[in-house]
Amino acid sequence: MDDGYDRFVKLLDQSQHFPAQRLKALQDRGLRRFLRHAYEEVPAYKQRLAPLFSAGPEPDLTRWQDIPVLTRSQAQEESQELKAISVPEQAGATQTKHTSGSTGTPLIHYRSKLQQTANQAVLDRLFQWYQMDGNKSLAQLTTDYHDRASYPNGYAGHEWFRGQPQGEFFHLDTLKTTTMQQLKWLVQKEAAYLNTFPNNARGLIEAAQEANVPLPRFDVVLLSGEVLEDDTRKLIAETTGGAVINLFGASESGRLAASCPEHGTLHIHEEISFLEVVDEQGKPVPDGETGRLVTTSFYNFAMPLIRYALGDYGAVSANPCPCGRQGRTLKFVAGRQRNLFRFVDGTSKWPDMKLRELRTIYSFLQMQVVQDKIDHLTVYMVRSTDGVELDHTALQEAFRRSLHPSLNITIQLCDEIARSASGKFEDFISKITTESDQSLS
Ligand SMILES: [Zn+2]
């Protein structure tokens, strides 16, 4: 059956060379069609989109800023009103999905097959950017939502790169497996490519080094689901010998941006979504400045999420990527609000501890930092096996230098750090919240 994949592939192949203006026109066309559909078929948008349609049946995009930002908690509450009464035939079947999210509160969302097809086409273009061969095998270590990728065998299938049926696809669940089990599985699979969460990749590398097991080499490592810190990216690139691709997106919004093969910048997928950087009031911030990331992915006709706040923060680069692709690029993606640390003097910061530096003081296996009071952190460290004593004072000093001088720090050695409900490691958790966070969480 024709699901639109070939048309997407052809379009994406051409649009990556479009001049910026033409790309913007393409995006506007997609947005307009999507807005008309949402206004007519989705109860939650009758009011929200009314300003755009006050002058007639064509949406007035100059009124875009009048559309309120939709938070995740609003989407949770209004999931039934956000579902389209009917969808156009080309949107394909509607699937029901449950996302776990970093807070563990599930969001029920409905997804058109067409959005999945668009995501696949964007991903396949990325595979081409990196000259990946769909006849080689790809191993995936992520949460298993289908209950089919349990240890020791995991799941085995084919065709992770559409149209290239020979390549094997392996998947192992990360939620119910230890790092050593994952490593053992990965060594057996001998895959050319790896797809996992950044912190999971780092955990594998560290466990391999600790156990003196050689880590498999990969041609490409694809990372998604968490913010990719720069020193994690370097560590993965050095140890696996492969190219590292940062995939930015969210399961309810689809794919949003991915690393440039030449420059590592994050290219925004302008063809399938409109990504904005806004302030707390929903007004755009200038290029280069940090704000809330708000997205409108315009192929999910089943449950349109228009101006949807991802809960992530970031900035759009003011300069185009030197590779020549004309879409905008993301300068960086900062952690979620949950990971923002606040201090007594009113300042705040996303923690960016240099793990290598900390390990020169104490070679812990894994670390989690919890801000439990405005002037206090509890640092959990999985104890080192090299026999070197922990120097509390030196570590506390390193934290104060990097984060804030007002902090008191308790370091607790432990044997294991639990994963979050979504199966990921969370390095930094802040329990200090303000009122504005409540609406964002
Ligand atoms: Zn580029």
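Within each chain, residues carry numbers counting from 1 in the order of the written sequence. Selection of residues for local features in this predicted model requires a pLDDT of at least 70, selection of side-chain atom pairs for listing and counting requires 80 or more, and totals for whole chains, interfaces and linings are taken over all residues.

### Here we look at the overall build of the protein
This is how the line gets drawn: Numbering of helices and strands runs from the N terminus, with a helix taken as a DSSP run of H or I at least four residues long and a strand as a DSSP run of E at least two residues long. Throughout, radius of gyration means the C-alpha value; the globule benchmark is 2.2 Å times the number of residues raised to the power 0.38. Exposure is read from a count of other C-beta atoms within 10 Å of each residue's own; the residue is exposed at 12 or fewer, buried at 20 or more and partly exposed in between. C-beta atoms are placed from the backbone. What counts as a contact is two residues whose backbone-derived C-beta atoms lie within 7 Å of each other.
Within the protein one finds 11 helices and 20 strands. What you see for the protein is a C-alpha radius of gyration of 22 Å, in line with the 22 Å of a compact globule of 441 residues. Projected onto the principal axes, the alpha-carbon positions of the protein cover approximately 70 × 55 × 40 Å. The buried share among the 441 residues of the protein stands at 40%. Summarising the internal contacts of the protein: among those between residues at least 6 apart in sequence, 65% fall at separations of at least 24.

### Let's talk about the sheet that holds strand β18 (residues 376–382)
The criterion, for reference: Pairing between two strands requires that DSSP report at least two bridges joining them. Comment: axis = line fitted to C-alpha atoms, over the contacting stretch for helices; angle = value between 0 and 180 degrees taken between N-to-C directions.
Taken in spatial order, the four strands of this open sheet run β19-β18-β17-β20, and their pairing is mixed. The open sheet is flanked by β19 (408–414) and β20 (428–430), the only strands paired with a single partner. With direction set aside, neighbouring strand axes in the sheet form an average angle of 15°. Where β18 lies against β19, seven bridges are found, and the strand directions are parallel.

### Looking at the nonpolar core
Just so we agree on the cut-off: Remark: nonpolar core denotes a set of buried Ala, Val, Leu, Ile, Met, Phe, Trp, Tyr and Cys residues whose joining runs through C-beta atoms within 7 Å.
Within the largest apolar cluster, 79 residues are counted, with the highest numbers of intra-cluster contacts made by Y193, V221, L223 and Y308. If one sorts the elements of this core by residue count, helix α5 (residues 113–129) sits on top with seven residues. The contact partners of V221, leaving out residues within four places of it in the chain, are L194, A201, I236, T240, G242 and V244.

### Quick word on the domain arrangement of the protein
In many reports, interface size means the accessible area that the parts give up when they come together. How we decide: Residue ranges for the domains trace back to a domain assignment, done automatically or taken from a database.
On domain assignment, one finds that the protein holds domain 1 (5–121 + 248–336) and domain 2 (340–440). Put simply, the middle of domain 1 and the middle of domain 2, counted by C-alpha atoms, are 33 Å apart.

### Digging into unusual backbone geometry
The omega angle of the peptide bond from Y151 to P152 is 5°, so this bond is cis rather than trans. Along the polypeptide, P152 turns up in the loop between β3 (138–142) and β4 (155–158). With a phi angle near 50°, Q131 is a residue other than glycine that sits in the positive phi range. The residue Q131 is located in the loop between α5 and β3 in this model. With a phi close to 60°, E159 is a non-glycine residue in the positive phi region. On the secondary structure map, E159 appears in the loop between β4 and β5 (168–173).

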